[in-house]
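# Inside the fold
The lines below spell out each chain.
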Amino acid sequence: METYTLIVLLLAATIRVATPLLLAALAGLFSERSGVIAIGLEGMMLGAAFAAAAVAAASGSVWLGLGAGIATAVALALLLAFAGVTHRGNQVVAGMAVNIMVAGLGPALALAWFNLGGQTPQLEGPGQRFLALTWPWADAARAAPFPGLIYAELLSGHNLVVYFAAALVPLSAWVLYRTRFGLRLRAVGENPQAVDTAGISVTRLRYQAVAISGVLCGVAGTYLSTAASSGFVRDMTAGKGYLALAALIFGKWRPYPTLGACLLFAFTDALATRLQGVALPLVGVIPVQFILALPYVLTVLLLAGFVGTAVAPKAIGVPYAKEK
Amino acid sequence: MSAPAKLPRWAELGLLPAVNLVAALLLSGVIIRLIGESPWAALKLMADGAFGSQEAVGYTLYYATNFIFTGLAVAVAYHAGLFNIGAEGQAYIGGLGTGLVCLWLGAWPFWLVLPVAILAGAVFGAGWAFIPGWLQARRGSHIVITTIMFNFIASAVMTWLLVNVLIKPGQQSPESREFAAATFMPGLHTLLGKVGLSFTATPLNLAFLLALAASFLVWLLVWRTRWGYALRVAGQNPAAAVYAGILPPRVTIAAMLLSGALAGSLGLNELMGAQHRILLDFPGGAGFVGIAVALMGRNHPVGIFFAAVLFGALMQGGSQLSFDMPRVNRDMVVVIQGLVILFCGALENVFRVPLAALLARFRGGKEEA
């Protein structure tokens, strides 16, 4: 295959891998900017992936699946807020608890309900899955590789969720920086006392932020089980929640840089798939594992202050006590 | 209720964890009911599977050994005010050290291999924990995030090593060759046999006694030495620690080294004692179970021992359960682990406040809430 086609296909794969990552990272953005650590992204996503696939399989409607996915992730988000905001428990512990619990609960319920060894039934057809949309003339455009192939592969040929995720970036930026809610949200993550003094409920704001993160994780999980694949399998998030957390940190808790980080991390993933066993000039075969570990290494380097600096929201992880 | 409600010591160490455990088990029972099985029958099957025979007890304690190591690892870091989520990766890399020693020193007698293997596991595990510890102490990088990242990096490194370097030639699955028999950790049944006691052959091995020894040493170190005092002060109040002449960054690094060394000892049980080779993902989530064990055991070696046995029993009883109740599989055990972490760790204040109020009332309202 010629280089140009290869690059376009690589970028198309990047977009597909980046979508759930971006949704989860934006979910983390809302949660962490309000001062609640988002360790639970992985669990919320996995729970949504299971619920979406189970309901889509049982009802035959992917939209009902999406609703179930969002409802499940929001329920888990509220549990996190109940533990970490209302009862001032350790938010990291709460997140880990949800991640571990859901990792077991999905396959356990799947086995009991569908009896397929911890999976959900194969989703088939357009009704049960989010399928790629083909834009007008996309197939005809392939005849002229430039710019036709870019149109056909990068703009067209994705499912609804991908476009939704893309639209969410400017929307999040607008909400965060241009609305009263966003201002308060950022304030409550930096200085909850000040927000409280202004007569605004810290608890209420944090619940709202965590609920939003639940909604977005719900969409991300639904994407995994009904768009990226056709059904739920054990551990299907495979650390994507943690990777999204890394992308959020790498993007310095801001929407557009977070998008950049997600694309970068997704690109390394797509590249690793492409480079499996391929010998490159000068360096030879690069082990896939090292390319896959790159996002984690980069994030550690960033946190260490060796590549730029990332300053977390000041009040992150600190439960707010009114009386203090 | 400004400060977390105060409980008397016995309630803090015994009653509260028990109440939390009961809550977690009750919710698990609801889930099993939802699945369509009887929770009571499941509980009986699990208890029987975990303690019903010598074999069952052997397996339970063998699993518990892993959890004692990782539970101690999480607890030591916790006393220094650090949340070490990286025990999984530290156990993985530490086991590599132990495994390499067993692969290389196969010709040595066991009593010479053992100290080298212990040291290698500890050094490798501590080395893997050192980087996040150093980054936290010197560069202010959040240790929760860096240890999570290091779990993934450890997994990538180990996969690469097993697939490309350590794999036994002419074999498909990414595993090293088997260790020489001389380096096997002696089974507890053999040791008991030498003193004239008979015990069914199980994977339970000498590493269990090493884990108990490690528990005692941790107790000695954390509660009975100047170093341990510095550790706890720095963990509870870094500002006060500075006034007392303690250097919190140095404590952070030292605590992570000890934590990593403890997690790294998992290989002694899992690889030297049971698997006898290095294989993919041998910690199998024990690093995360360690969080639950430490939380439930109130970060004290005695509590950690009981919590580790409980989780060992869940592991062993869970496999028995999945055997007898086909609709309930081992994933149910993972659910229970998650619920225990939830109730003992994140939701502990839910029961603490009413318990404190209740106990205060019994004492004639002497303790104001």
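What you see is a predicted model, and the numbers here were worked out from it, not measured in a lab.

### A word on the overall build of chain A
Check the secondary structure of chain A and you find 14 helices and 2 strands. A globule of 324 residues ought to have a C-alpha radius of gyration of about 20 Å, and chain A, at 20 Å, matches this closely. In terms of principal-axis extent, the alpha carbons of chain A reach across some 65 × 50 × 40 Å. Sorting the 324 residues of chain A into buried and exposed places 52% on the buried side. The long-range share in chain A, meaning contacts at least 24 apart out of those at least 6 apart in sequence, stands at 75%.

### A word on the overall build of chain B
Regarding its fold elements, chain B presents 16 helices and 0 strands. In terms of C-alpha radius of gyration, chain B reaches 21 Å, essentially the compact-globule figure of 21 Å for 369 residues. Here the C-alpha coordinates of chain B stretch approximately 70 × 55 × 40 Å along the principal axes. Within chain B, the proportion of its 369 residues that are buried is 53%. Here the analysis covers contacts within chain B between residues at least 6 apart in sequence; of these, 75% occur between residues at least 24 apart.

### Observations regarding the interface of chain B and chain A
Opposite the 40 residues of chain B that make contact, chain A presents 41 residues. Listed by contribution, the elements that provide at least two residues to the side of chain B that touches chain A are helix H5 (110-139), helix H6 (143-166), helix H13 (286-296), helix H15 (331-346) and helix H16 (348-362) of chain B. For the side of chain B that touches chain A, the residue count by class is 24 nonpolar, 12 polar and 4 charged.

### Examining the nonpolar core
A:Leu21, A:Ala247, B:Phe311 and B:Ile341 are the most contacted members of the largest nonpolar core, which totals 237 residues. If we ignore the near neighbours within four places in the chain, the residues touching B:Phe311 are B:Ala64, B:Phe67, B:Val289, B:Ala292, B:Val293 and B:Gln337.

### Notes on the packing of helix H3 (residues 54-79) of chain B against H13(B)
All names here are of chain B. Packing of H3 against H13 leaves a shortest axis separation of 7 Å and a crossing angle of 65°. Here H3 and H13 pass one another in a crossing that is right-handed. Of the residues in H13, those in contact with Asn 66, Phe 67, Thr 70, Gly 71, Ala 73, Val 74, Ala 75 and Tyr 78 of H3 are Ala 286, Gly 287, Val 289, Gly 290, Ile 291, Val 293 and Ala 294. Residues that form the contact of H3 with H13 fall into these classes: 10 nonpolar, 5 polar and no charged.

### Considerations on the environment of B:Val353
All names here are of chain B. Locating Val 353 in the fold gives a position in helix H16. Residue Val 353 is classed as partly exposed on the basis of its C-beta count, with 16 C-beta atoms lying within 10 Å. Put simply, Val 353 and Lys 6 are 347 residues apart on the chain and 8.2 Å apart in space, counted from C-alpha to C-alpha.

### Some points on unusual backbone geometry
All names here are of chain A. Its identity as a non-glycine residue notwithstanding, Ala 238 has a phi of 45°, on the positive side. Take Ala 238: it is sitting in the loop between helix H11 (202-228) and helix H12 (240-250). Despite not being glycine, Trp 253 has its phi angle at roughly 60°, a positive value. Along the chain, Trp 253 falls in the loop between H12 and helix H13 (255-274).

### Points about the environment of B:Ala214
Residue and element names in this part refer to chain B. Along the polypeptide, Ala 214 turns up in helix H8 (residues 206-224). Residue Ala 214 is classed as buried on the basis of its 22 C-beta neighbours within 10 Å. Taking the C-alpha atoms as reference points, Ala 214 and Ser 265, 51 residues apart in sequence, are found 9.6 Å from one another.

### Here we look at H15(B)
Under the 1.5 Å per step criterion, the end-to-end length of H15(B) is 21 Å for 16 residues, consistent within 8% with the ideal 22 Å. Within H15(B), 16 of the 16 residues are buried, which leaves it mostly tucked inside the rest of the structure.

### Overview of helix H4 (residues 87-104) of chain B
The first and last C-alpha atoms of H4(B) sit 25 Å apart over 18 residues, in line with the 26 Å expected at 1.5 Å per residue. Counting buried positions along H4(B) yields 15 of 18 residues, so the element is predominantly enclosed.

### Looking at the packing of H3(B) against helix H11 (residues 248-264) of chain B
Residues and elements named next belong to chain B. At a minimum axis separation of 7 Å, H3 and H11 run at an interaxial angle of 175°. As judged from the angle between their axes, H3 and H11 are roughly antiparallel. Contact residues: Phe 69, Thr 70, Leu 72, Ala 73, Val 76 and Ala 77 in H3; Ala 255, Met 256, Leu 258, Ser 259, Leu 262 and Ala 263 in H11. Per-class residue counts for the contact of H3 with H11 are 10 nonpolar, 2 polar and no charged.

### What to know about the environment of B:Leu26
Checked against the element boundaries, B:Leu26 lands in helix H1 (residues 9-35). For the pair B:Leu26 and B:Ala50, spaced 24 residues apart in sequence, the C-alpha separation works out to 19 Å.

### Details of the confidence of the model for chain B
When pLDDT is averaged across chain B, the result is 91; 97% of the residues are at 70 or more. Scored as a whole, the predicted complex attains pTM 0.90, and scored at its interfaces, ipTM 0.87.

Cut-offs and rules
- Residues numbered from 1 in each chain as written.
- Chains lettered and ligands numbered in written order.
- Predicted model: local features only at pLDDT ≥ 70, side-chain atom pairs only at ≥ 80, totals over all residues.
- Helix = DSSP H or I, 4+ residues; strand = E, 2+ residues; numbered from the N terminus.
- Rg over C-alpha atoms; globule rule 2.2 N^0.38 Å.
- Buried ≥ 20, exposed ≤ 12 C-beta atoms within 10 Å, placed from the backbone.
- Contact = placed C-beta atoms within 7 Å.
- Nonpolar A, V, L, I, M, F, W, Y, C, P; charged D, E, K, R; others polar.
- Core = buried A, V, L, I, M, F, W, Y, C linked by C-beta atoms within 7 Å.
- Axes fitted to C-alpha atoms, helices over the stretch in contact; angles between N-to-C directions.
- Left-handed = near helix turned anticlockwise from the far one by under 90°.
- Expected span 1.5 Å × (residues − 1).
- Parallel < 35°, antiparallel > 145°, perpendicular 65-115°, else oblique.
- pLDDT = per-residue confidence, 0-100.

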